[in-house]
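A closer look at the structure
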Amino acid sequence: QLQSKILILTICAAGIGGTFQYGYNISIINAPTSYIQTFMNETWLERTGVPLESNVILLLWSFTVSAYPLGGLTGAVVAGPMAIMLGRKMSLLLNNVFVIIAAGLSGFSRMAKSFEMIMLSRFFTGVNAGVSMNIQPMYLAESAPKKLRGAVALTSASFTALGLVLGQVVGLRELLGGEESWPFLLASNVVPALIQLTALPWFPESPRYLLIDRGDKESCISALQKLRGNSDLSAELEEMLAEQAAVKGQRAKNPWELFQNPALRWQLMSIVVLSSAMQLCGNDSMYFYAAYVFQEAGIPQDKIPYVVIGTGSCELITSVTCNMIIDYAGRRPLLLGGYIFMAGWAIVFMVALSQQTQISWMPYLSMACIFAYILSFGIGPAGVTGVLPTEVFDQMSRPAAYMICGSLLWFNLFLVGTAFPFIVKSLAHFCYVPFLVVCVCTALYVGFFLPETKGKSFLEISEEFKKRNFKAHSHAVFYKGPEEIKSTML
């Protein structure tokens, strides 16, 4: 059983400095919000002798928060070329440089009396998350055996959720969330980076990358032997060689080439719809609402952070469950179920919010809704979305596909983060209507247009899409559907 141990350890080494950081850095910024705003005000007062107005502080704070998705967008764009030139493993290792810079900036920001350092550090943290969100699932899915591919690539989602929970825990007042210790809280993301830098070099590079991109058969076989032990490699090697032959003479593609290629039309449409929906479905906004709803439900103010940890743990539990069942249940049912349930809960949640003051037990219903919504998101969309680009694109298009996917993900995170407070202002209790529309449209898209990819080799999957892409030409009318869906999505 040594080889499965190696695979598990590879997953952990890649995860701890990879998507773990994404979740961790999203949640550690919540605890010290008021302290950092005070710090901004005091710093400005010291420099100019004039205090900042409250709306300026809010503006500066929203810059600080949105520096993260902007960094993520940058990271997602750099990730493609990095994965091709440096390889998957080397990219993940180099990626830790960004976090170390960020930790230095935020850790010393109070000593240097500069809140600009915090903004910069959030940007670098974002770059790190952007790179790892793209390269980690790619690295793991390429290293995993076919029958475990879904589960292994899905661990990315579990590490994100683990990061969320740990960030919430470390951000408690008793640990690092106090007034004195917030610079340490923001700099604590250097620890996972150092763990990855010591652990990951011992594990092999993605065998697929070595064979297909580098053409290095010996290294590929030795990497496979490390990962699989003594089991028979001939079938797997044969499949990789077939894929190598299929992409022979091609170079790695650029994102815009994917848009021009009619043979990739459905694959591209599927990841565009799904990765946009992942941020536009309102799951992250649930966290924004959590504290308010819990307060309304009569939970005392000082106990709220502990209940919020419950919401994070919810996502962690479901993504681990999803890991166990994805290679049995398949990708489609999980996505379809997730979005249908989310649509249902969104309706209940809006009803509950509007009756919050009239009926005494309504706050508890809306509380249950938050948990249910996050559970529904965790069971399907959270994990499966990250696995799909690896499965539906070949080796040459994969990095570019992840660039598109990642850019959309971060752009939409930025969009929702910026727009959500205004949506709440204007729609009040019905702020979930836009999210409801997104969930319903996505469920329809998955139901009608997405083929199942469970347990198929990469070549079989691209054959199946080939049939779809070229069927569309013969039925010009048939192709109009998704265009309309696409326009309502954005």
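Reading the values: the criteria
Residues numbered from 1 in each chain as written. Predicted model: local features only at pLDDT ≥ 70, side-chain atom pairs only at ≥ 80, totals over all residues. Heavy atoms only, no water. pLDDT = per-residue confidence, 0-100. Contact = heavy atoms within 4.5 Å. 1 Å grid on protein atoms, 1.4 Å probe; cavity = no way out; pocket = protein on both sides within 12 Å on 5 of 7 lines; lining within 4 Å. Points joined across faces, edges and corners; volume = space filled by probe spheres on them. Helix = DSSP H or I, 4+ residues; strand = E, 2+ residues; numbered from the N terminus. Nonpolar A, V, L, I, M, F, W, Y, C, P; charged D, E, K, R; others polar. Buried < 20%, exposed > 50% of the residue type's maximum accessible area, 1.4 Å probe, protein only. Polar contact = N/O pair within 3.5 Å; in protein donor to acceptor, adjacent residues only side chain to side chain. Salt bridge = Lys/Arg side-chain N within 4 Å of Asp/Glu carboxyl O. Axes fitted to C-alpha atoms, helices over the stretch in contact; angles between N-to-C directions. Parallel < 35°, antiparallel > 145°, perpendicular 65-115°, else oblique. Left-handed = near helix turned anticlockwise from the far one by under 90°. Expected span 1.5 Å × (residues − 1). Core = buried A, V, L, I, M, F, W, Y, C linked by side-chain atoms within 4.5 Å. Patch = residues over 30% accessible without salt bridge, like charges linked within 9 Å, V, L, I, M, F, W, Y side chains within 5 Å. Areas by Shrake-Rupley, 256 points an atom, 1.4 Å probe, with all protein chains shown as cover. Phe/Tyr/Trp six-rings, centres within 6.5 Å; stacked < 30°, edge-to-face > 60°. Disulfide = S-S within 2.5 Å.

1. What about the confidence of the model for the chain?
For residues with low pLDDT, the predicted coordinates do not support detailed interpretation. Taken over all residues, the pLDDT of the chain has a mean of 87, while the share at 70 or more is 95%. Across residues 476–490, confidence stays below pLDDT 50; counting only partners more than four residues off in sequence or on other chains, it has 24 contacts.

2. Some points on the layout of surface pockets
Reported here for the second largest pocket is a volume of approximately 520 Å³. What lines the second largest pocket is a set of 24 residues, among which P145, K146, K147, L148 and R228 lie closest to the centre. Of all elements in the fold, only α1 (2–16), α8 (149–170), α12 (217–228) and α13 (234–246) reach the threshold of two or more residues within the lining of the second largest pocket. The dominant element in the lining of the second largest pocket, judged by the number of residues it contributes, is α1, at 5 residues. Residues that form the lining of the second largest pocket fall into these classes: 12 nonpolar, 4 polar and 8 charged.

3. Notes on the side chain of T442
Along the chain, T442 falls in helix α22 (residues 433–449). Judged by relative accessible area, T442 falls into the buried class, the value being 0%. Only 2.6 Å separates the side chain of T442 from the backbone oxygen of V438, close enough to count as a polar contact.

4. Overview of the pattern of salt bridges
In the structure shown here, the tally under the stated rule is 16 salt bridges. With a shortest N-O distance of 2.9 Å, R88 and E142 are connected by a salt bridge. Of this pair, R88 sits in helix α5 (residues 88–94) while E142 is found in helix α7 (residues 116–143), placing the two residues 54 residues apart along the sequence. Assessed through its relative accessible area of 0%, E142 is described here as buried. Linked by salt bridges that have partners in common, K146, R208, E239 and E243 make up one network.

5. Points about the packing of helix α15 (residues 265–280) against α22
Pairs of packed helices are described in terms of their axes, by the angle between the two and the distance that separates them. Between α15 and α22, the shortest axis-to-axis distance is 10 Å and the interhelical angle comes to 150 degrees. By the angle class used here, α15 and α22 are roughly antiparallel. In the packing of α15 onto α22, the handedness of the crossing is left-handed. On α22, the residues that touch W266, M269, S270, V273, L274, A277 and L280 of α15 are F435, V438, T442, Y445, V446 and F449. Considered class by class, the residues forming the contact of α15 with α22 number 11 nonpolar, 2 polar and no charged.

6. Overview of helix α20 (residues 381–392)
Taking 1.5 Å of rise per residue, the 12 residues of α20 would be expected to cover 16 Å, and the 16 Å separating its terminal C-alpha atoms lies within 8% of that figure. Along α20, 11 of the 12 residues are buried, which leaves the element largely enclosed by surrounding structure. Buried within α20 are the following residues: P381, A382, G383, V384, T385, V387, L388, P389, T390, E391 and V392.

7. A look at the nonpolar core
With 80 residues, the main nonpolar core has Y339, W410 and Y432 as its most contacted residues. Ignoring any residue separated from it by four or fewer positions in sequence, one finds Y339 in contact with L274, A277, M278, C281, P381, C439, T442 and A443. Within the second largest apolar cluster, 41 residues are counted, among which are I11, I36, F39 and A79.

8. Considerations on the side chain of N128
With respect to the secondary-structure elements, N128 resides in helix α7. Taking relative accessible area as the criterion, N128 reaches 0% and is therefore assigned buried. Non-local contacts of N128, meaning those with residues more than four positions away in its chain, are made with G17, Q21, N95, N96, F98 and V99.

9. A closer look at unusual backbone geometry
Located in the positive-phi region is K113, a residue other than glycine, with phi close to 50 degrees. With respect to the element layout, K113 can be found in the loop between α6 (96–107) and α7. K113 sits in the partly exposed class, given a relative accessible area of 44%.

10. Quick notes on a nonpolar patch on the surface
A cluster of nonpolar side chains, M85, L86, M90, L94, V97 and I101, forms an exposed patch at the surface whose accessible area comes to about 510 Å². Of all the secondary-structure elements, those providing two or more residues to the nonpolar patch are α5 and α6. With respect to the helices and strands, the residue V97 is situated in helix α6.

11. Topic: the packing of aromatic side chains
Applying the stated criterion across every chain yields a total of 12 aromatic pairs. Seen from their ring centres, Y432 and F435 are 4.9 Å apart, and the 65 degrees between their planes marks the pair as edge-to-face. In this structure Y432 comes out as buried when scored by relative accessible area, which is 0%. Aromatic ring contacts, followed pair by pair, group W266, Y445, F448 and F449 into a single cluster.

12. Regarding empty space enclosed by the protein
All told, the structure shown has 1 cavity of 30 Å³ or more when counted by the stated rule. Empty space within the largest cavity amounts to approximately 30 Å³. For the largest cavity, the full set of lining residues is N25, A102, S106, S121, R122, T125, L186 and N189. Those elements that provide at least two residues to the lining of the largest cavity are α6 and α7. By residue number, the principal contributor to the lining of the largest cavity is α7, which donates 3 residues.

13. A short note on the state of the cysteines
Under the criterion given, the structure shown has 0 disulfides. With no disulfide of its own, C369 lies 12 Å from the sulfur of C431, the closest cysteine sulfur.

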